[in-house]
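Residue-level structure breakdown
Each chain, written out:
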Amino acid sequence: MIPELGHFALILALGVALIQVLVPAYGVWKRDARAMAVATSAAQTQALLVFISFGCLMASFINLDFSVAYVAANSNSELPMIYRITAVWGAHEGSLLLWVAILAGWTLAVSVFNRRLPADITATALSVLGVVSVGFLLFMLLTSNPFDRLFPVPQDGKDLNPLLQDPGMVIHPPMLYMGYVGFSVAFAFAIAALVSGRLDAAWARWTRPWTTTAWLFMTLGITLGSWWAYHVLGWGGWWFWDPVENASFMPWLVGTALIHSLAVTEKRGLLKSWTVLLAILAFGLSLLGTFLVRSGVIVSVHAFASDPARGVFILGFLTTVLGASFLLYAWRAPKLVSEGEMTLFSREGLLLINNVFLVVASASVLLGTLYPLVVDALKLGKISVGPPYFNAVFIPLFAPLLLMVGLAATVSWKRAKAGEVIRHLRAPFIIALIAAIAVPLLIHERAPVAVIAGGFLGFWAIVTALQEIWRRIRAKTGFVSGLVGVPRGVWGMSLAHLGLGVWALGVTFVSSFSVEKDVRLAPGQSIDLSGYEFRFEGVEPRTGPNYDSDFGTVTIEHSGEVVATVHPEKRLFRATQQMMTEAAVDHTPFRDIYVALGEPLDAQGAHTGDWALRLYYKPMMRLVWLGGALMVLGGLLAATDRRYRLSRAAESRVASNSVVA
Amino acid sequence: MTKRQKRMAAIAALLVGLGLAAALGFTAFRKNMMYFYTPSDLLAGTTPVGAKLRLGGLVERGSVKRGEGLRVDFILADCVHNLPVHYEGILPDLFREGQGVVATGSLQANGTFAADEILAKHDENYMPPQVAEALKVQDGKHACAPFKSVMPTEAKK
């Protein structure tokens, strides 16, 4: 009964979504206020129906209703409750439902929080969001219905993919999807701007908080995904240039460019058509990402669907949506005239260069990700492009970006004075350079050029971001009043740039000073790695809720003292008979020690014989994620800046007056 | 400079920059591109010794031999030929005899394949998709039944 209810709600949602597309569009065309007003109620009804459907699938998982094919494929009676809930988005059908539910959530938010927008903009934007929703609902109902029944009903389910039975997986997909789908709001506003032909500072001010919010969720999702891969995949890496990672990284890069170009559009009324193009591209890349992940064209842990019909549908949808958007863009964008002149050495000039670098970076990821697929499709052989390609392309593209971040706050709008900029940045330059040489020497007693260069870029971003805050505080009389007086937007920008610097430091140190060793150890034997003594105490059998584990114990000593006792595990999941490595990590802010069990090497038995172990010493590993977290915090502060909240009423009054006039 | 000249200069600079980026990108691309082969392809002798490539096939049953330390040797086969593979390190969780793997490495002068990475990500048929594709015959089934999975493959719905 519950699954049918969910299925029915989904079909109704499709009907309501069609109304949400057609009626407001007719209203905008005929300037009929009543038809435009339908958008809001249709969006809210659709959201309710989709949420009901999502709730029904979740209920089927909680009740372990194995008559539902999707539940039977991704759950098991031994599966702990928390993973039963997250199994809802553990595979293809359910993650699509999550996609649609999050889209419904964003649409609901637009319909609630933008009541003060001009009616035609709201109606167009909601109609565009409706188009996206119709596409995905149709996709789900036609090719991947999560509520399909299974007969005969199996005794037990096949269990959730063990890789996904991890706390990191509980929140990573929803966060990432919040980001992916969130760019659809910026896209909808961009289309509304093209349709109405109005793109002014007020438009940029409506769009900015939405875009920043989508971006911060995406940042959070990517950071969580990286952290998950680090401790679940057992290879000790935090980024693999896996096609699915790239699929999320491309819209992130373009989204970052979009945030910056929106600033220029708001403050200076420039780069208007470029901003609109970026909004379309960011969403297009989100759709492409969904296509790559869901179509099974790539080999990855994430790529579960390999039904060609699905891929064809998404590719068709992608082509239609993007084709229509670009047509509209080509037709209307020339009308979006930018006011004023642009000089290169000004904040807007530097932001334009930043945009070029970010877009080129995104294009190079796209090339590395899609080229093997194209070659394969053309039957020219099977190739793969490894991480060395991406690293070789990325370092020269990111270094200038980090340099420019340091200039962000100092270079003024319109026209900057070189003398003033140099005077301001002399101190940060010297501090960053000294820190870049001193810190590696102090910690590791050597400072190769690559570390000094990377460290300089990181410290440069950090010091200049702090300098901006400091300058704002000093402008006021007292320290406390100064601290309170710093606008959230400035905090946001500075924290995000600080985060980028922290991330760069982390990446530099991890990639230069990590030590890794694969070793063979007998119980009781120990080995030295980077001054740490690892003693392998042995492995004992343990039983988990739905897996059997080989539970290892490793004692780590540093200069004669026990620093930590860690327990790396090998888990054999009973239902799927799949083996999983659960790495053990001991971390301080400045270093990670990472121990993973490899495999038993002796025929005589897993619990008495030798084991292969993978040991890592990774300095500054935490900074990589701390950097991501700071960027998220920065985005949060920037999106909630008070000028977005207070000025909205005033702005839309101005905007609607100018329409009448 | 007039406004027009300035704009032309800016566009020229942009194009030069983009060209440079593209050139760098493609160089990096060509250098790091790896082709995928099966043992038969390698034994046909068309690939140079020492070139970095990916080799896919099935691990022959009973061929996995552990040596000193983390040394491991096994035989990788497609339907027709097989090739000894040498690897030093930890095998992935999904590595099993009788199942498909992809090894990254190079062919040595003595005819063995030295792997520096072994990948065993695979689908429900216990095959990496590239391997399945390479071993496929007309009817869509794998041609080399004797090597096919030792694991019970449950019927998919």
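Residues numbered from 1 in each chain as written. Chains lettered and ligands numbered in written order. Predicted model: local features only at pLDDT ≥ 70, side-chain atom pairs only at ≥ 80, totals over all residues.

Considering the overall build of chain B
What chain B contains, in helices and strands, is 3 helices and 7 strands. Listing the helices and strands of chain B from first to last along the sequence gives α-β-α-β-β-β-β-β-β-α. For chain B, the residues scored as buried account for 31% of the 157 residues in total. By sequence separation, contacts in chain B at least 24 residues apart represent 54% of the contacts at least 6 residues apart. (Helix = DSSP H or I, 4+ residues; strand = E, 2+ residues; numbered from the N terminus. Buried ≥ 20, exposed ≤ 12 C-beta atoms within 10 Å, placed from the backbone. Contact = placed C-beta atoms within 7 Å.)

Points about the overall build of chain A
Looking only at helices and strands, chain A has 19 helices and 11 strands in total. The C-alpha radius of gyration of chain A comes to 27 Å, within 12% of the 26 Å expected for a compact globule of 661 residues. With respect to the three principal axes, the spread of C-alpha positions in chain A is 85 × 75 × 55 Å. By residue count, 52% of the 661 residues in chain A fall in the buried class. Counting only contacts in chain A whose residues sit at least 6 apart along the sequence, the fraction spanning at least 24 positions is 74%. (Rg over C-alpha atoms; globule rule 2.2 N^0.38 Å.)

Re the interface of chain B and chain A
A common way to express how large an interface is: the accessible area buried when the components associate. Between chain B and chain A, the contact holds 26 residues from the first and 31 residues from the second. Mapped onto the side of chain B that touches chain A, the elements with two or more residues apiece are helix H1 (3–31), strand S1 (33–37) and helix H3 (129–135) of chain B. At 7 residues, H1 of chain B tops the list of elements feeding residues into the side of chain B that touches chain A. For the side of chain B that touches chain A, the class distribution of residues is 15 nonpolar, 5 polar and 6 charged. (Nonpolar A, V, L, I, M, F, W, Y, C, P; charged D, E, K, R; others polar.)

A look at the sheet that holds strand S9 (residues 584–588) of chain A
All names here are of chain A. Read from one edge to the other, the open sheet built from 4 strands follows the order S2-S11-S10-S9, with strand pairing classed as antiparallel. Two strands bound the open sheet, and with one partner strand each, they are strand S2 (515–521) and S9. Pairwise comparison of adjacent strand axes, ignoring direction, gives a mean angle of 15° for this sheet. Strand direction decides the pairing type here: S2 and strand S11 (residues 611–619), joined by 7 bridges, are antiparallel. Along S11, the bridge assignment pairs Leu521 with Trp611. (Pairing = 2+ DSSP bridges. Axes fitted to C-alpha atoms, helices over the stretch in contact; angles between N-to-C directions.)

Topic: the domain arrangement of chain A
Residue and element names in this part refer to chain A. Under the domain assignment, chain A is made up of domain 1 (2–402 + 634–660) and domain 2 (515–622). Each of domain 1 and domain 2 was reduced to a C-alpha centroid, and the two centroids are 39 Å apart. In this complex, domain 1 contributes 11 residues to the contact, which on the side of domain 2 involves 17 residues. In the side of domain 1 that touches domain 2, the residues fall into 4 nonpolar, 4 polar and 3 charged. (Domains from an automatic or database assignment.)

Quick word on the packing of helix H13 (residues 387–407) of chain A against H1 of chain B
One way to put it is that H13 of chain A packs onto H1 of chain B with a least axis distance of 8 Å and a crossing angle of 160°. The angle between the axes of H13 of chain A and H1 of chain B places the two elements in the roughly antiparallel class. Once H13 of chain A is placed against H1 of chain B, the crossing between them reads as right-handed. Note on element contacts: H1 of chain B touches H13 of chain A through Leu24, Gly25, Ala28 and Phe29 of chain B, opposite Tyr389, Ala392, Val393 and Pro396 of chain A. Taken together, the residues that form the contact of H13 of chain A with H1 of chain B break down as 7 nonpolar, 1 polar and no charged. (Parallel < 35°, antiparallel > 145°, perpendicular 65-115°, else oblique. Left-handed = near helix turned anticlockwise from the far one by under 90°.)

A few points about the environment of Leu253 of chain A
With respect to the helices and strands, the residue Leu253 of chain A is situated in helix H9 (residues 243–268). Discounting residues that sit within four places of it in the chain, Leu253 of chain A has contacts with Leu358, Ala361 and Ser362 of chain A.

Some details on the nonpolar core
Counting 184 residues, the largest nonpolar core has Val100, Leu103, Ala186, Ala190, Val254, Ala279 and Ala282 of chain A as its most contacted members. For this core, the element with the most residues is helix H7 (residues 167–196) of chain A, which contributes 19 residues. Filtering out sequence-adjacent residues up to four positions away, Ala279 of chain A remains in contact with Ala186, Phe187, Ala190 and Leu258 of chain A. In terms of nonpolar packing, the next biggest core, distinct from the first, is built from 48 residues, Trp611 of chain A together with Leu53, Leu55 and Ile118 of chain B among them. (Core = buried A, V, L, I, M, F, W, Y, C linked by C-beta atoms within 7 Å.)

Some words on the pairing of strand S7 (residues 569–573) of chain A
Residues and elements named next belong to chain A. Here strand S5 (residues 547–558) runs beside S7; their pairing, made up of 5 bridges, is antiparallel. Residue pairing for S7: Asp550 is matched across the bridge by Lys570. The pairing of S7 with strand S8 (residues 578–582) spans 5 bridges and is classified as antiparallel. For Lys570, the partnering residue across the bridge sits in S8 and is Thr581.

Let's talk about unusual backbone geometry
Residue and element names in this part refer to chain A. A cis amide bond links Phe151 to the next residue, Pro152, at an omega of 0°. In this model, Leu64 sits at a positive phi of 50°, which is unusual for a non-glycine residue. With respect to the element layout, Leu64 can be found in the loop between helix H2 (33–62) and helix H3 (69–74). For Leu64, a count of 16 C-beta atoms within 10 Å puts it in the partly exposed group. Phi is positive for Lys414, which is not a glycine, with a value near 65°.

Describing the pairing of S1 of chain B
Direction of pairing for strand S1 (residues 383–385) of chain A relative to S1 of chain B: antiparallel, over a ladder of 3 bridges. Its bridge partner being in S1 of chain B, Val385 of chain A is matched across the sheet by Met33 of chain B.

Let's talk about the environment of Ala263 of chain A
Residue and element names in this part refer to chain A. By secondary structure assignment, the location of Ala263 is in helix H9. Looking at Ala263, the number of C-beta atoms within 10 Å reads 21, which means it is buried. With 323 residues separating them in the primary sequence, Ala263 and Asp586 have C-alpha atoms 41 Å apart.

Digging into the confidence of the model for chain A
Residue and element names in this part refer to chain A. Across chain A, the average pLDDT comes to 88, with 94% of residues at 70 or higher. Summarising per-element confidence for chain A, the mean pLDDT is lowest in helix H19 (residues 642–660) (54) and highest in helix H1 (residues 2–30) (96). Note on residues 300–305: pLDDT under 50 across the span, and 18 contacts to partners over four residues away in sequence or across chains. Segment residues 654–661 is flagged for pLDDT under 50; beyond a separation of four residues in sequence, or across chains, it makes 5 contacts in the model. (pLDDT = per-residue confidence, 0-100.)

Structural notes on the environment of Gly598 of chain A
You can see Gly598 of chain A is positioned in strand S10 (residues 591–600). Spatially, the C-alpha atom of Gly598 of chain A lies 9.8 Å from that of Ala583 of chain A, the residues being 15 residues apart in sequence. Apart from residues lying up to four places away in sequence, Gly598 of chain A is in contact with Asp518, Trp611, Ala612, Leu613 and Arg614 of chain A together with Ile90 of chain B.

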